[in-house]
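Chains, contacts and geometry: an overview
Listed below, chain by chain, are the residues.
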Amino acid sequence: QEKFSLQFEVVDRENTQKLRKEVGIDANPWRVHDRVIASYHYLKQPDILELFMSASRMPEGSSRLPWDLIIVDECHNSMPSAFGEDSDLCRSIRDILPLCEHRLFLSATPHNGRTRSFTGLLEMLDPVRFTQSSELTPSAKERVKQVMVRRLKRRINELYKVPRFCRRLPPSAVNLNLGKHEENLFQVFERFRKAI
């Protein structure tokens, strides 16, 4: 079976400086490279975001968006705020998303438990299906099933002969053999703890 791989260019300050030495001082990495990987913390900087936006302009009347796909890893970091103003990171991701035809959000971290934040993230992912709200209606819950894939470590382990993730064991007590000095220190600490 033939393997297929895509090459990506890392866009950061160091690589942009290298590119400008090679191509010219006005080189915009977002125009030069078709497939890029960039930190969203790098991209949210005003000068960098401005370069990205200028490279993302399409001819008037174009039916295509400038970027085919955006993958936001650790997307929980860009989650909208449940109360008050959204973070700079959230706002910059929101500015970029309309320039991308397809969106893929990845996270292994549970959301913060705030429905308004979760539905806001869903709206960023798919503004046609979702609207930021303080309530997740039954119909919205059904739509979540259409866009979300959840993989548990135990389910992934079931697919392989050699597990990819370790199995968590229940906690067990560890017997400690304290020496005389350690025992004395422990007793002094216990007296101190009870005294305060």
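Look up: the structure comes first, before these words.
All figures in this text were calculated on a predicted structure; none of them were measured in a lab. (Residues numbered from 1 in each chain as written. Predicted model: local features only at pLDDT ≥ 70, side-chain atom pairs only at ≥ 80, totals over all residues. Heavy atoms only, no water.)

**Some words on a nonpolar patch on the surface**
Counted only if it meets this: What makes a patch is a set of residues exposed beyond 30% relative accessible area and free of salt bridges, joined within 9 Å when like-charged and within 5 Å when nonpolar (Val, Leu, Ile, Met, Phe, Trp, Tyr). Note on areas: these come from Shrake-Rupley sampling with a 1.4 Å probe, and a residue is covered only by the protein chains present in the view. Salt bridge, as used here: a side-chain nitrogen of Lys or Arg that lies within 4 Å of a carboxyl oxygen of Asp or Glu. Only DSSP runs of H or I with at least four residues qualify as helices, and only runs of E with at least two residues qualify as strands; both kinds are numbered from the N terminus onward. Partly exposed residues are those whose accessible area sits between 20% and 50% of the maximum for their type, while under 20% is buried and over 50% is exposed, using a 1.4 Å probe and protein chains only.
On the surface, a cluster of nonpolar side chains totalling about 520 Å² of accessible area is made up of Phe4, Leu6, Phe8, Val10 and Ile37. Looking at the element boundaries, Phe8 is found in the segment before β1 (9–10). A relative accessible area of 41% means that Phe8 is categorised as partly exposed.

**With respect to the nonpolar core**
Inside soluble globular proteins, nonpolar side chains tend to come together where they are buried. Where we set the bar: We define the nonpolar core as a collection of buried residues of types Ala, Val, Leu, Ile, Met, Phe, Trp, Tyr and Cys that are connected through side-chain atoms lying within 4.5 Å of one another.
Ranked by internal contacts, the top residues of the largest apolar core, which has 25 residues, are Trp30, Leu43, Phe52, Ile96, Phe105 and Met124. Elements that contribute at least two residues to this core include exactly α3 (40–43), α4 (46–55), β3 (67–72), α5 (88–96), β4 (100–105) and α6 (115–125).

**Notes on the environment of Ala173**
For Ala173, the position within the fold is in the loop between α8 (153–158) and α9 (180–195). Here Ala173 falls in the exposed class, since its relative accessible area comes to 76%. As for Ala173 and Arg114, which are separated by 59 residues in sequence, their C-alpha atoms are 36 Å apart.

**Considerations on the environment of Ser117**
Rules: Residue contacts are defined here by distance: any two heavy atoms, one from each residue, within 4.5 Å place the two residues in contact. In the analysis that follows, any N or O atom pair within 3.5 Å is treated as a polar contact, provided that within protein one partner can donate a hydrogen and the other can accept it, and provided that, for residues neighboring in sequence, both atoms belong to side chains.
Relative to the helices and strands, Ser117 resides in helix α6. Along the backbone, Ser117 and Gly61 are 56 residues apart, and their C-alpha atoms lie at a distance of 34 Å. Once residues lying within four places of it in the same chain are set aside, the contact partners of Ser117 are Met79, Pro80, Ser81, Ala82 and Asn112. Here the side chain of Ser117 touches Pro80 through a polar contact of 2.8 Å, landing on its backbone oxygen. Of the polar contacts made by the side chain of Ser117, one reaches the backbone nitrogen of Ala82; its length is 3.2 Å.

**Digging into the pairing of β3**
Test applied: We treat two strands as partners when DSSP finds at least two bridges between them. Crossover handedness is defined here as right-handed if the route from the first strand over the helix to the second strand goes clockwise, with the strands pointing away from the viewer.
When β3 meets β4, the two strands line up parallel, connected through five bridges. Residue pairing for β4: Leu69 is matched across the bridge by His102. Running through α5, the crossover from β3 to the neighbouring parallel element β4 is right-handed.

**A short note on the environment of Val32**
Looking at the element boundaries, Val32 is found in helix α2 (residues 29–32). Assessed through its relative accessible area of 41%, Val32 is described here as partly exposed.

**Concerning the side chain of Gln132**
Mapped onto the secondary structure, Gln132 falls in the loop between α6 and α7 (138–147). At 3.1 Å, the side chain of Gln132 and the backbone oxygen of Arg116 are in polar contact. Excluding residues that lie within four positions of it along the chain, Gln132 makes contacts with Pro80, Ser81, Arg94, Arg116, Thr119, Gly120 and Glu123.

**Things to note about α5**
Put simply, the rule is: The directions considered for the arc run from the helix axis to the C-beta atoms.
Looking at α5, one finds that the buried residues are Leu89, Cys90, Ser92, Ile93 and Ile96. Projected down its long axis, α5 carries its buried residues within an arc of 165°, all on one side. Close packing links the buried residues of α5 with α3, α4, β3, β4 and α6.

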